[in-house]
Amino acid sequence: MASLTMYPDNERLAGGERAVFNLYLISAVALFVLMMLLGLTMRMTQATWLGLPPDMFYKFLSMHGAGMVGTAVMATTAVMWFFLRKYVRLHLWAFVTNYVLFLLGALCIIYAVFVGGYAGLWTFLYPLPTHSAGLWTPNAAALFMVGYLLIGVGELIFYLDAAAGIIKVYGNLGRALGLPWLFGGKLDPDHPKTVVASTSMIIANSLGILAGAVVLVMSLINIFYPQVALDALFTKTLIYWFGHMYINAAIYMGVIAIYELLPRYTHKPYPLSRVFLWGWAATTLFVIIVFPHHLLMDYAEPHWFLIMGQIVSWTSGLPVVVVTAMGAFTNLYRANMRWTMPSRLLVLSLFGWIAGGFGAVLDSTIQINLVMHNTQWVPGHFHFYLLLGVLAMALAVMYHVIGSHVNQPPNTGLDRVGFPVYLVGGLIFVVSFLDAGHLSVPRRMAEHLPAWTGTDKLASVGAILVVLAMLYFALRISVGLLRRPASGGAAASRGGVGAADAAG
Amino acid sequence: MILQNVVWTVWLIGAALIALGFIFVIVQAGKPADAGAGEKSVHTSHVLQGWLFAVLLVAFFVGSWATLHRFPLPPQHRPLDAAQVVEVVGRQWSWQITPATVQNNSVVEFRVTSDDVNHGFAIYAPDGRIVTQTQAMPGYTNKLLYRFEQPGTYTVQCLEYCGLGHAPMKTTLEVVAAKGE
Ligand code: HEM
Ligand SMILES: [Cu+2]
């Protein structure tokens, strides 16, 4: 069966496509390492092992937040592009434009933070950007926002091109999502899951980016014309609509990796089902309206809005667990699994997503949010599904791709050491955050009380392990991507499954 | 019963169950089934999927009812008639709390707002746990009701990043025994 070929011909990269894809991935791993080093410095400062001054701490925090979110979406955009281009025509110029705008935006943000001194965090909550108490200028805040706009526009261009490609093949986005099959009709078993997930995120994240563009432009106007005052609650609502959507898109674009790659490693087909389509239809809706859980402590919001935040947060876990986890479990169960780096990372990513997501669902309960909001429970649950979920998804694809040169999934001795270091370090790091939340340690603080440093120290040890493993992964992947592709790839790829068997 | 401990325990149990599920599947993943057994396991997993969905759905309804049937936040648009009222204003980087002493065992209404940027008004009990919180947002007054159950010195800590002086932005709130206690 074609979909079980380890390295199918229509995924081979050549020429410009290969160069751009490599640029995306190498930039992504380099940025991940750099941002992790900032994170480690912050965590060790909280642990009192390092002495970053508070102004630097908050600059690092702003850079780390914006940098990680931006890079996670950039990396998973490359994942979506890599698989979606097999089914619909994607223009390379759109993919390139997104990359160029991302880089320009990133430069703006880096300049705003490290030269302009911007430390208003990735959420730029109004009116903090213009109330720095002398720490940064309004211009630095404006540059930071322009950076966001550039990155958002780039992503939007990529989505529009993808939407056009999808509509050309499937007629409209609803059909691409599989909506006509929800209530009956004969399911087309070859309808790609990648198209379903991509369409879902094109719809949802484009809306999120538009909300972001509106609030960014409003904030920019306010910076240059302070007499145009904004409403703090409305601004915050839009910011979280955008921010929540944007980082969630990283997860839902990343999960394409599981749908595409898992069956190749289990050597078992992973068929499309009606439940799957229901799951994604629900996800598309939920992910757009779930963001009020960030505003539960804003009592001034209409209370129906907060209730919706809790209820949708709880239900949005259902399609994930029931559809993707059960689907993947079924695919794994009694399979002919060969454990190599990509398959290990794929299974880890599913675990990170679900276990972290459970922490998120708990905190979206209003009663619980009353005592957990803005504690380190929050970075606890999201690092769980970002570090052990999204990053693992992206790394799985990268590892998979570097194996294409030899038609064999990577699995060296060092890889086999790096993986458990990442896993154990990551678990220590995220569980310490959660424990800190349980102990009421606030998030986003440069200075911690002596009573709080226990979890800080434990987390720092975990983070050191993660950084070491990631440094190795980044080098390994960069070198692997730059290696010349094997000649005669087409012939060898047809024997892909066999080659993988031999590799085990 | 401290809510944070309950949440922590629930998460640990949930995460352990999820981990067990993964371990089970990972162990089974390397034991290929023949065609017949494979078909049977696909069927079993569909049945399990249905059950999982049903269980989660029930958990959703029970949990939502349990946590929402008495809505945890006070109404914001009508008088609350609390026995004690405390006005709270946050500003970069201090709290103005009047009065800063309240009585135990009777409901306190906190009217929380901000003079400049967003702040977070969180009350820490003497043992270091958050007991309740709300946002302090410029242009809005959030009304928070809380009944203290233990006298002592509580700490008000800013919980929304508000610039350089965010971490040290805290003050104390005295909770004294009610008359006749
Ligand atoms: C070794 C890996 C990492 C370390 C050591 C690290 C460290 C940190 C620290 C110390 C904080 C601040 C916590 C606090 O509020 O007290 C933080 C926040 C954050 N991290 Fe990480 N992190 C890592 C990986 C990641 C990854 C992989 C992502 C996303 C893909 C990420 C995204 C974020 C975001 C969005 C924030 C919130 C920033 C804010 O509060 O404004 N981090 N991280
Ligand atoms: Cu603050």
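As shown above, the structure is provided for reference.
Residues numbered from 1 in each chain as written. Chains lettered and ligands numbered in written order. Predicted model: local features only at pLDDT ≥ 70, side-chain atom pairs only at ≥ 80, totals over all residues. Heavy atoms only, no water.

Colleague: Looking at this model, I keep getting lost on the coordination of the copper ion (ligand 2). Mind explaining?
Modeller: For a metal bound by four donors in a tetrahedral arrangement, the ideal donor-metal-donor angle is 109.5 degrees, while six donors in an octahedral arrangement ideally sit at 90 or 180 degrees. Taken together, Cys158 of chain B (SG), Glu160 of chain B (O), Cys162 of chain B (SG) and His166 of chain B (ND1) make up the full set of protein donors to the copper ion (ligand 2), lying 2.1 to 2.4 Å away. Taken together, the 4 donor atoms coordinating the copper ion (ligand 2) and their angles of 90 to 124 degrees define a geometry best described as tetrahedral. (Donors = N, O, S within 2.8 Å, 3.2 Å for Na, K, Ca; no water. Tetrahedral: all angles 85-135°; square planar, octahedral: opposite > 155°, others 65-115°.)

Colleague: Can you walk me through the site of ligand 1 in this structure?
Modeller: Residue and element names in this part refer to chain A. Near ligand 1, the surroundings consist of 26 residues, among which His64, Gln376, His383, Arg443 and Arg444 are the closest. Side-chain polar atom of Arg443 to an oxygen atom of ligand 1: 2.9 Å apart, as the coordinates give it. For the shell around ligand 1, the secondary structure elements donating two or more residues are helix H1 (15-46), helix H2 (54-84), helix H13 (377-402), helix H14 (413-438) and helix H15 (453-482). (Near = heavy atom within 4 Å. Polar contact = N/O pair within 3.5 Å; in protein donor to acceptor, adjacent residues only side chain to side chain. Helix = DSSP H or I, 4+ residues; strand = E, 2+ residues; numbered from the N terminus.)

Colleague: Please clarify how the sheet that holds strand E6 (residues 130-136) of chain B should be interpreted in this entry.
Modeller: Residues and elements named next belong to chain B. Spatially, 5 strands are ordered E3-E9-E8-E5-E6 in an open sheet, and the strand pairing comes out mixed. Edge strands, defined here as strands with exactly one partner in the open sheet, are strand E3 (101-103) and E6. Across the sheet, the axes of successive neighbouring strands diverge by a mean angle of 25 degrees, strand direction being ignored. Where strand E8 (residues 152-158) lies against strand E9 (residues 170-176), 6 bridges are found, and the strand directions are antiparallel. Along E9, the bridge assignment pairs Thr153 with Glu174. (Pairing = 2+ DSSP bridges. Axes fitted to C-alpha atoms, helices over the stretch in contact; angles between N-to-C directions.)

Colleague: Please clarify how unusual backbone geometry should be interpreted in this entry.
Modeller: Among all residues save glycine, negative phi is the norm, and among peptide bonds the norm is trans. Cis peptide bonds are those with omega within 30 degrees of zero, and the linkage from Tyr126 of chain A to Pro127 of chain A qualifies with 0 degrees. Inspection of the secondary structure assignment puts Pro127 of chain A in the loop between helix H3 (92-114) and helix H4 (138-170). Cis geometry marks the peptide bond from Thr98 of chain B to Pro99 of chain B, where omega comes out at -10 degrees. Its identity is not glycine, yet Thr48 of chain A carries a phi of approximately 65 degrees, on the positive side. By secondary structure assignment, the location of Thr48 of chain A is in the loop between H1 and H2. Classification of Thr48 of chain A by relative accessible area gives exposed; the value is 53%. The phi dihedral of Ser440 of chain A is positive, around 70 degrees, even though this residue is not glycine. Checked against the element boundaries, Ser440 of chain A lands in the loop between H14 and H15. (Buried < 20%, exposed > 50% of the residue type's maximum accessible area, 1.4 Å probe, protein only.)

Colleague: I would appreciate a short explanation of the nonpolar core in the present structure.
Modeller: Across soluble globular proteins, nonpolar side chains show a tendency to be buried alongside one another. Counting 228 residues, the largest nonpolar core has Tyr422 and Phe473 of chain A together with Phe110 and Phe121 of chain B as the members making the most contacts within it. When residues of this core are assigned to their parent elements, the largest contribution, 19 residues, is made by H2 of chain A. (Core = buried A, V, L, I, M, F, W, Y, C linked by side-chain atoms within 4.5 Å.)

Colleague: What is the right way to read the side chain of Thr41 of chain A from this model?
Modeller: All names here are of chain A. For Thr41, the position within the fold is in helix H1. For Thr41, the side chain forms a polar contact with the main-chain oxygen of Leu37, separated by 2.6 Å. Not counting the four nearest positions on each side in its chain, Thr41 is found in contact with Leu50, Leu52 and Phe60. (Contact = heavy atoms within 4.5 Å.)

Colleague: Mind showing me how you'd approach the packing of helix H7 (residues 232-254) of chain A against helix H9 (residues 274-289) of chain A here?
Modeller: Each pair of packed helices gets described by two things: the angle between the helix axes and the distance between those axes. All names here are of chain A. Look at H7 against H9: their axes get within 9 Å of each other, and the N-to-C directions meet at 150 degrees. Considering their axes alone, H7 and H9 lie roughly antiparallel with respect to each other. Between H7, through Trp241, His244, Met245, Asn248 and Tyr252, and H9, the contact on the second element is made entirely by Trp280, Thr283, Val287 and Ile288. For the contact of H7 with H9, the per-class residue count stands at 6 nonpolar, 3 polar and no charged. (Parallel < 35°, antiparallel > 145°, perpendicular 65-115°, else oblique. Nonpolar A, V, L, I, M, F, W, Y, C, P; charged D, E, K, R; others polar.)

Colleague: Got a minute to help me understand the interface of chain B and chain A in this structure?
Modeller: One frequently used descriptor of interface size is the decrease in accessible area upon assembly of the parts. Tallying the contact residues gives 77 residues for chain B and 78 residues for chain A. Both sides of the chain B and chain A interface together cover about 6,800 Å² of buried area, and 73% of this is carbon and sulfur. Ranking the residues of chain B by area buried against chain A places Trp11, Phe22 and Tyr161 of chain B at the top, with a combined share of 12%. Our count for the contact surface shared by chain B and chain A stands at 1 salt bridge. Across the contact surface, chain B and chain A share 27 residue pairs in polar contact (both at pLDDT 80 or more). The leading source of residues in the side of chain B that touches chain A is helix H1 (residues 3-28) of chain B, at 17 residues. (Buried area = accessible area lost by both parts, 1.4 Å probe. Salt bridge = Lys/Arg side-chain N within 4 Å of Asp/Glu carboxyl O.)

Note that every value here comes from positions in space, so none of it alone points to a role or purpose.
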